[in-house]
Amino acid sequence: MATPIAIQFKPSILSFLSPNSSSVTTKAHFLQPNDKFLVSSPLKQIVPSLSSRHFSFLQQQQLSSTRFVASAAPGVADTVEKDKLPADIHVTETQEPNSRVRLTVEVPTVVCEDCYGRVIREFMKHSKVPGFRPGKNVPEDILVGYVGKQNVQKAAVESILKRTLPHAMSSITGKALEDSIRIATKFADMEKTYVSTNSLRYDVIVDVAPEIKWKPDNAYKNLKVVVELDSDMDAQTASEKEFKRRHKSLGALKIVTDRGLQVGDVAVIDISATTIEQDGSDAKSIPAAESKGFNFDTEDGDNVLPGFLDSIIGIKRGETKSFPLVFPDSWKQEDLRGVHAQFTVDCKELFYRDLPEVNDSIADKLIPGCSSIEEVKQALLQRCLEVEQAAKDQATDNAILDQLYKMVEVDIPQSLFEEQGRQLYGAQLLQLQANMKLSEQQLASLSSPRAVNEFLEAQKENITSIIKQNLAVGDIFIRENLQFSTEELVKEVQNSIEEFQKSQQEYDEDRVKQQVQEVLEGAKVLEWLRENADIQYITR
């Protein structure tokens, strides 16, 4: 099979053919160190200006743009009407996997001869042939000898492609994915066919908008979702913890001199740990469980290994305690689950908090502007209720989206998969660059085609699920005739552009508008699904 090539005409030749026309070309799909996407990614820059509801959806989705083209390239659409061919071309359309279409194009001799004539006339206008004044007619054989027969043939083939490709693409107008068009026939083979038969035959492969199939049809209308909520999301409990934290921050730490550690104290401790081998082999240190000068707040005892706090209660400054503990099977670090360990704790310092009495006199210190403890507690509860609702909404959205992608069958085009993957990878690089200040060499290495391809392969399942979610959301938006106001779109776009301008970064206004529109559509769909789905909440 012929190696697919991007459609790219040589400027040195085409500049004679049509100086003002757009060449039909497709973009190389891999990140480069100086790629504009890395410098000013719309995905990253739109986020700060959107409302929190839309922001959470964009964070979850990082929506890909399924863009369609009405013709082979920008500037070609008008040419289809203006540049009539002297005869019809024959196009055979073949469906291929991954929502790809192969167009086999047969160009008759009369069209090839017309294109050849145009090439000769253009060369005649611009070539300075010795012995002839510029712009004057030059015998064809002399002109061809001067320009070079092979150059004329190449220009003729390119002219044929440029004129016939928009006509060949007419059958998939509005369905072709942008930047997915490829000429599958080698240019050298096209030259040979043209020279030997004075006609041309070539194959075009292009990704088209994938068809979405629901399992069963309209499955989203009977959506049943179970949302697991974390117990830490309880607003009342969270507000009580926050009140206690703020009260503690008003107290002064004082050294304990006459007793051992009690709940409420803060101890500065050194921790070391070794394994207790059941088979009698030598013990090994456990670096993940060791710490020097650790400030241990005994009121945070729920966040440490079960039994740890109880084992050091009563320890005095300068004292050492050693005790065995077992890491539970629910421990976050998998490699430590079930491990029997011997801990040694050295108490370096011991403090107690001298806390002010809880009364209205400290209300303004807890929250500026509050005049009573009751007012403080209500304000904290209200804030926690807002956080709780936002977390609940996000958990609901996650559960809904997780259900949606399982309900659809989609033959995902490769170009769409790669685009979504590059967006995810580019967003990660932007975050990494912001956090670590990567050097140009590091960024170049991480942006290489190899690094991107490795990411695409490793994240294949995740990328596929995101695309399915995006397509499902878009399909629901259309099916249910959902809408958002023009005012809302204009406002969000303007906010996004202002963010670009504040940071003095480049932006594409059309691209900004497109992504804001996608986020608004997604938010409307999720709102509709939350209202119409059967949602059950459980606490874990």
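Preceding this paragraph is the structure being described.
It should be emphasised that the depicted structure is a prediction, and the values quoted were computed from it without experimental measurement.

Peer 1: Could you clarify how one ought to interpret the overall build of the protein in this entry?
Peer 2: What the protein contains, in helices and strands, is 19 helices and 15 strands. Counting the 540 residues in the protein, one finds 43% classified as buried. In the protein, once contacts between residues fewer than 6 apart in sequence are set aside, the share between residues at least 24 apart is 75%. Accessible surface, the protein: about 29,400 Å² in total, of which carbon and sulfur atoms supply 48%.

Peer 1: Whenever I open this one, the environment of V101 confuses me. Can you help?
Peer 2: On the secondary structure map, V101 appears in strand β3 (residues 100–107). When the C-alpha positions of V101 and A176 are compared, they lie 9.1 Å apart, and in sequence the two are 75 residues distant. The residues touching V101, leaving out its near neighbours within four places in the chain, are E93, T94, Q95, V204, I205, V206 and V208.

Peer 1: So what exactly am I meant to see when it comes to the packing of helix α13 (residues 373–406) against helix α17 (residues 460–479) here?
Peer 2: The description of two packed helices rests on the angle between their axes and on the distance between the axes. Relative orientation of the contacting elements α13 and α17 amounts to 95 degrees, with a least axis distance of 8 Å. Judged on the interaxial angle alone, α17 and α13 are roughly perpendicular. In this structure, α13 contributes L401, D402, L404 and Y405 to the contact, and α17 contributes S465, K468, Q469, A472, V473 and I476. Of the residues belonging to the contact of α13 with α17, the class tally is six nonpolar, two polar and two charged.

Peer 1: Just checking my understanding: could you explain the pattern of salt bridges for this structure?
Peer 2: If charged atoms from side chains of opposite charge come close, those side chains can pair. All told, the structure shown has 24 salt bridges when counted by the stated rule. The salt bridge partner of R201 is E106, with a shortest N-O separation of 3.3 Å. Residue R201 is found in strand β6 (residues 200–207), and its partner E106 is found in strand β3; the two are separated by 95 residues along the sequence. Ionic pairing is found between D297 and K248, a salt bridge with its closest N-O pair at 2.8 Å.

Peer 1: I tried to follow the side chain of R511 on my own but got confused; where do I start?
Peer 2: Inspection of the secondary structure assignment puts R511 in helix α19 (residues 509–532). The side chain of R511 sits in the buried core without any salt bridge; E419 is the nearest counter-charge, 4.6 Å away. There is a polar contact of 3.1 Å between the side chain of R511 and the side chain of Q514.

Peer 1: How should I be thinking about the packing of aromatic side chains in this particular structure?
Peer 2: Each aromatic ring pair is characterised by the separation of its centres together with the angle its planes make. A full pass over the atoms with the stated rule returns twelve aromatic pairs. Arranged with centres 5.8 Å apart and planes meeting at 90 degrees, the rings of F296 and F308 form a pair that is edge-to-face. In this pair, F296 sits in strand β11 (residues 291–297) while F308 sits in helix α11 (residues 308–312), placing the two residues twelve residues apart along the sequence. Accessibility assignment for this pair places F296 and F308 in one class, buried. Every member of this aromatic cluster is reached through a ring pair, and the members are F294, F296, F308, F323, F327, W331 and F343. Taking NZ or CZ as reference, K377 lies 5.3 Å from the ring centre of F243, over its face. If you follow K392 out to its NZ or CZ, it ends over the ring of Y537, 4.3 Å from the centre.

The rules behind the values
- Residues numbered from 1 in each chain as written.
- Predicted model: local features only at pLDDT ≥ 70, side-chain atom pairs only at ≥ 80, totals over all residues.
- Heavy atoms only, no water.
- Helix = DSSP H or I, 4+ residues; strand = E, 2+ residues; numbered from the N terminus.
- Buried < 20%, exposed > 50% of the residue type's maximum accessible area, 1.4 Å probe, protein only.
- Contact = heavy atoms within 4.5 Å.
- Areas by Shrake-Rupley, 256 points an atom, 1.4 Å probe, with all protein chains shown as cover.
- Axes fitted to C-alpha atoms, helices over the stretch in contact; angles between N-to-C directions.
- Parallel < 35°, antiparallel > 145°, perpendicular 65-115°, else oblique.
- Nonpolar A, V, L, I, M, F, W, Y, C, P; charged D, E, K, R; others polar.
- Salt bridge = Lys/Arg side-chain N within 4 Å of Asp/Glu carboxyl O.
- Lys, Arg positive; Asp, Glu negative; His and termini not counted.
- Polar contact = N/O pair within 3.5 Å; in protein donor to acceptor, adjacent residues only side chain to side chain.
- Phe/Tyr/Trp six-rings, centres within 6.5 Å; stacked < 30°, edge-to-face > 60°.
- Lys NZ or Arg CZ within 6 Å of the ring centre and 35° of its normal.

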